[in-house]
Amino acid sequence: MKVLVIGNGAREHALCRSLSLDPDVTALHCAPGNAGIAEVAELHQVDALDGKAVTALATELGADLVVVGPEAPLVAGVADAVREAGIPVFGPSGEAAQIEGSKAFAKDVMAAAGVPTARSYVCTTPAEVDEALDAFGAPYVVKDDGLAAGKGVVVTADIEAARAHANSCERVVIEEFLDGPEVSLFAITDGETVVPLQPAQDFKRALDGDEGPNTGGMGAYSPLPWADPKLVAEVMETVLQPTVDEMHRRGTPFSGLLYAGLAITSRGVRVIEFNARFGDPETQVVLARLKTPLAGVLLAAAKGDLDDLEPLRWSEDAAVTVVVASHNYPGTPRTGDPISGLDEVAAEDAPHAYVLHAGTKRDGDAVVSAGGRVLSVTATGKDLTEARDRAYQAVTRIKLDGSQHRTDIAAKAAEGA
C-alpha cells in the first residue's frame, strides 16, 4: 500500500512513524512534512489547503490511501477533492469537518443527538457577549467559533479578559464552566461504524501546575489509571455513536477521526468540544500504545469497511509525551534556533523513547526550530512512572536555546496509580 500523509506537525510525524512500521506500507510519502518526518517518509512540497494540488500529487504518486492530518485542510474540503478523484482518503468532508470548524454547528449537532454538553450562547454583538457572560458568571469560558489552531479558547475569572477575547472574534460561543478532569477520546469511523481508541489526557496550559496561557498542548499521557473502566463504553453510547448517527441522518456522514474532548464532571461526562482529526499531542501517546498495524485501520474507515475490522490490539504499556516549545510560545515564537541532542536520544534511549518533530526544518546539515511547538519527546514504559522517567531523561539530552517544557506531565496520575 502506498500512503500519502498531508501535514507537517508532530501529529503527522506520529502517524508517519506508525505507518512506516506497518509491513503493508510499501511506500510512504508526506507533504509538506518536516525534518523528522523526512527520516521515515519521502517529502513533497504542496499547498495543503489546495484540494486540486493534493489530488494531483496523490494521483502522481499512485497513492492507495491519503491521510489528511490537520484541521484547516479538512475544513477547506481537501478530502472531498481527493475522494472525488476515486482515491480512498482518511478524513471527513469539508461539510462534516464543520463539527470542528464551527463551535456553533457542533452545539447544534449535539443538541439534535441528545449529547451531553455545556449550556452555551452564540454571540455576534458586544451586547450579546455581556448578557452571556453575566448569565454564566466566573470562571468565563469564551470560544472563537472558527478554527484558531488550539488557541481560540479563553478560560478566565477576569471579566475584562473574557470580554476582550469575545469581542475580538467575529462569532463567539460563551458557555458554562465544566468542572472535573478532562479526557480526550478518539474514535475512527466510516460514517456508520465507530471504533474507539484508548483515552488520553493532555495538558493545555503553558506552565507547570496548569498555570499560564492556553496552548495547543504541552504534553499528554495514556492510559488513565484514575478513569472509570467503563468510561469508553459510556462515551461510545452517549457521545460518539449518537453524533455519528446524527451526522449520517443529516446527509453529511462523518468519516475519519472524531475526537471528543470531554470533562468528567460531578454531573457526569460532558463534551467540551469535537475535533475532526487526530489531536496533538494525544496522538503521540495513543499511537505509541496501538499494536494493530495502522494503515489497514485507516483504509477500512476510508472505504466504509470498519464493520469487518478485527478488534484493535493495545499494549499494556503506558506512554508519555513532553512537548519542547520555542522561546515565547504560545506568543510569537522565536524560530531558526539550532537543535542538538537528537542523535543522542536515538543512540541512548531508543526504542523506549524517541523524538517526534513538530516545528522543525533542515538548514544545511542542521535541524532548526520552525514553529512554536518544536518537538514531542515520547516514551513508553511498564507504567506511567517509567514512561515519564524515560521521556524526561530524553528531554535532558536535547538542546534548543530558550526552549521551554513542562516538568509535571503525568506526574499526578503516576503518583496516584
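Presented here is an overview of the structure given in this document.

How each quantity is defined
- Residues numbered from 1 in each chain as written.
- Predicted model: local features only at pLDDT ≥ 70, side-chain atom pairs only at ≥ 80, totals over all residues.
- Heavy atoms only, no water.
- Buried < 20%, exposed > 50% of the residue type's maximum accessible area, 1.4 Å probe, protein only.
- Helix = DSSP H or I, 4+ residues; strand = E, 2+ residues; numbered from the N terminus.
- Arc of directions from axis to C-beta.
- Contact = heavy atoms within 4.5 Å.
- Salt bridge = Lys/Arg side-chain N within 4 Å of Asp/Glu carboxyl O.
- Axes fitted to C-alpha atoms, helices over the stretch in contact; angles between N-to-C directions.
- Parallel < 35°, antiparallel > 145°, perpendicular 65-115°, else oblique.
- Left-handed = near helix turned anticlockwise from the far one by under 90°.
- Nonpolar A, V, L, I, M, F, W, Y, C, P; charged D, E, K, R; others polar.
- Phe/Tyr/Trp six-rings, centres within 6.5 Å; stacked < 30°, edge-to-face > 60°.

### Quick notes on helix H7 (residues 126-136)
Considered for burial, the residues of H7 that qualify are Val 129, Ala 132, Leu 133 and Phe 136. Seen from one end, H7 has its buried residues packed into an arc of 100°, which puts them on one side. Along H7, the residues that are exposed and aim more than 90 degrees away from the buried face are Ala 127, Glu 131 and Asp 134. Looking at the buried residues of H7, the elements they touch are strand S6 (120-123), strand S7 (140-144), helix H8 (159-168) and strand S9 (172-175). Where H7 ends, the next residue or the one after it, Gly 137, has phi of about 70°, a positive value.

### Let's talk about the pattern of salt bridges
According to the stated counting rule, one finds 24 salt bridges in the structure shown. Ionic pairing is found between Asp 228 and Lys 230, a salt bridge with its closest N-O pair at 3.9 Å. Residue class for Asp 228 comes out partly exposed when judged on its relative accessible area of 41%. Looking at Lys 230, the relative accessible area reads 59%, which means it is exposed. Note that Arg 397 is salt-bridged to Asp 349, the shortest N-O span being 2.7 Å. Placement of Arg 397 in helix H13 (residues 384-397) and of Asp 349 in the loop between helix H12 (342-348) and strand S20 (353-357) is noted, with a sequence separation of 48 residues between them. Judged by relative accessible area, Arg 397 falls into the partly exposed class, the value being 24%. One network of salt bridges, with partners in common, ties together Arg 11, Glu 12, Glu 71, Glu 100 and Arg 277.

### Structural notes on the packing of H7 against H8
Interhelical geometry of H7 versus H8 gives an angle of 140° and a closest axis separation of 10 Å. By the angle between their directions, the pair H7 and H8 is classed as oblique. As for how H7 packs across H8, the hand of that crossing is right-handed. Across the interface between the two elements, Pro 126, Val 129, Asp 130 and Leu 133 from H7 touch Ile 159, Ala 162, Arg 163, Ala 166 and Asn 167 from H8. Among the residues making up the contact of H7 with H8, the classes are represented as six nonpolar, one polar and two charged.

### Comments concerning the packing of aromatic side chains
Counted according to the given criterion, the structure contains five aromatic pairs. Ring geometry for Phe 90 versus Phe 278: centroids 6.1 Å apart, planes at 35°, classification tilted. One end of the pair, Phe 90, is in strand S5 (residues 89-90); the other, Phe 278, is in the loop between strand S17 (268-275) and helix H10 (282-289), and 188 residues separate them in sequence. Consider the rings of Phe 203 and Tyr 221, whose centres lie 6.0 Å apart with planes at 45°: the pair is tilted.

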